[in-house]
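Descriptive structure summary
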Amino acid sequence: MASIIATIGFLIAAVTFGALVWSIVYPTRRIWPPKTYSVWTPILVWVPTFALSGAIIALGVIGWGQMGLPAWMRYGLGIPIVVLSNIVVWSAVRRFGIAQTGGAEGTLKTGGLYRYSRNPQYVADVFMIFGWLILSASPNALVLGIPAIAVLMITPFAEEPWLRERFGREFDDYCARTRRYL
């Protein structure tokens, strides 16, 4: 069962990574962010996102504790990291809106957590995965968590040309005063 879940997760991560690389290399023919937002956009964004997250969670449960990390680390670090990163992600989603988080055009956000990072959702998502990897102490989850983190880390590089095109000088000024990640 773990191998099927891992295979599905790897396929999702590979296709997503490929789409992002395509979008970085060919910004005028980009896949992400979408050129138009339709009824299919949320499905094409959220189904793979939640499927990949679910695969990482499932692999963590299947391989629970196999890496032998100490309990203080797993529970003392893993749980707080997962909880805090969820709070950050979902508060940013609430501030941005589900549609804009999923690729719809909107306004440039520069307040709140966006004063400190241009990508607080991605940073929090990376920490969420990292926290789950510590908590679950599962080698199975680790193997899929690393590609998922890679996807999150390159996503801003696909989005920034579009943001620069859309918001121009306002985005350039924002980039000059705010780091991409932390």
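Residues numbered from 1 in each chain as written. Predicted model: local features only at pLDDT ≥ 70, side-chain atom pairs only at ≥ 80, totals over all residues. Heavy atoms only, no water.

This part covers the nonpolar core. Leu52 and Ile56 are the most contacted members of the largest nonpolar core, which totals 26 residues. The set of elements that each furnish at least two residues to this core consists of α1 (2-25), α2 (41-62), α5 (120-136) and α6 (139-167). Among the elements that take part in this core, α6 stands out by supplying seven residues, more than any other. Residue contacts for Ile56: discarding those within four places in its chain leaves Ile129, Trp132, Ala141, Leu144, Gly145 and Ala148. Grouped together as the second largest cluster of nonpolar side chains are 10 residues, Leu108, Trp162, Leu163 and Cys175 included. (Core = buried A, V, L, I, M, F, W, Y, C linked by side-chain atoms within 4.5 Å. Buried < 20%, exposed > 50% of the residue type's maximum accessible area, 1.4 Å probe, protein only. Helix = DSSP H or I, 4+ residues; strand = E, 2+ residues; numbered from the N terminus. Contact = heavy atoms within 4.5 Å.)

Attention now goes to the packing of aromatic side chains. Under the criterion given, the structure shown has four aromatic pairs. Judged by centre distance (5.6 Å) and plane angle (25 degrees), the ring pair of Trp46 and Phe50 falls under stacked. On the criterion of helical spacing, the pair formed by Trp46 and Phe50 is a turn pair, its members being four residues apart in helix α2. By relative accessible area, Phe50 is classed as partly exposed at 46%. Between Phe171 and Tyr174 the ring centres are 6.4 Å apart and the planes differ by 55 degrees, which places this aromatic pair in the tilted class. Of the two residues, Phe171 and Tyr174 are both situated in helix α7 (residues 169-177); the distance of three residues between them amounts to about one turn of the helix. Like Phe171, the residue Tyr174 is buried in the burial classification. Sitting above the plane of the Tyr26 ring, Arg29 keeps its charged end 4.5 Å from the centroid. (Phe/Tyr/Trp six-rings, centres within 6.5 Å; stacked < 30°, edge-to-face > 60°. Lys NZ or Arg CZ within 6 Å of the ring centre and 35° of its normal.)

Okay, the confidence of the model for the protein chain next. When pLDDT is averaged along the protein chain, the result is 95; 100% of the residues meet or exceed 70. Taken element by element, the predicted model of the protein chain shows its lowest mean pLDDT in helix α4 (residues 98-101) (80) and its highest in α7 (98). (pLDDT = per-residue confidence, 0-100.)

Let us now look at the environment of Met73. Following the sequence through the fold, Met73 ends up in helix α3 (residues 71-96). Apart from the residues within four sequence positions on either side, Met73 is in contact with Gly78 and Ile134.

A separate point is the packing of α2 against α6. Where α2 meets α6, the axes come as close as 7 Å, and the angle between the chain directions of the two elements is 155 degrees. The angle between α2 and α6 places the two elements in the roughly antiparallel class. Along this stretch, α2 crosses α6, giving a crossing that reads as left-handed. Residue-level contacts link Leu52, Ala55, Ile56, Leu59, Gly60 and Ile62 of α2 to Asn140, Ala141, Leu144, Gly145 and Ala148 of α6. For the contact of α2 with α6, the residue count by class is eight nonpolar, three polar and no charged. (Axes fitted to C-alpha atoms, helices over the stretch in contact; angles between N-to-C directions. Parallel < 35°, antiparallel > 145°, perpendicular 65-115°, else oblique. Left-handed = near helix turned anticlockwise from the far one by under 90°. Nonpolar A, V, L, I, M, F, W, Y, C, P; charged D, E, K, R; others polar.)

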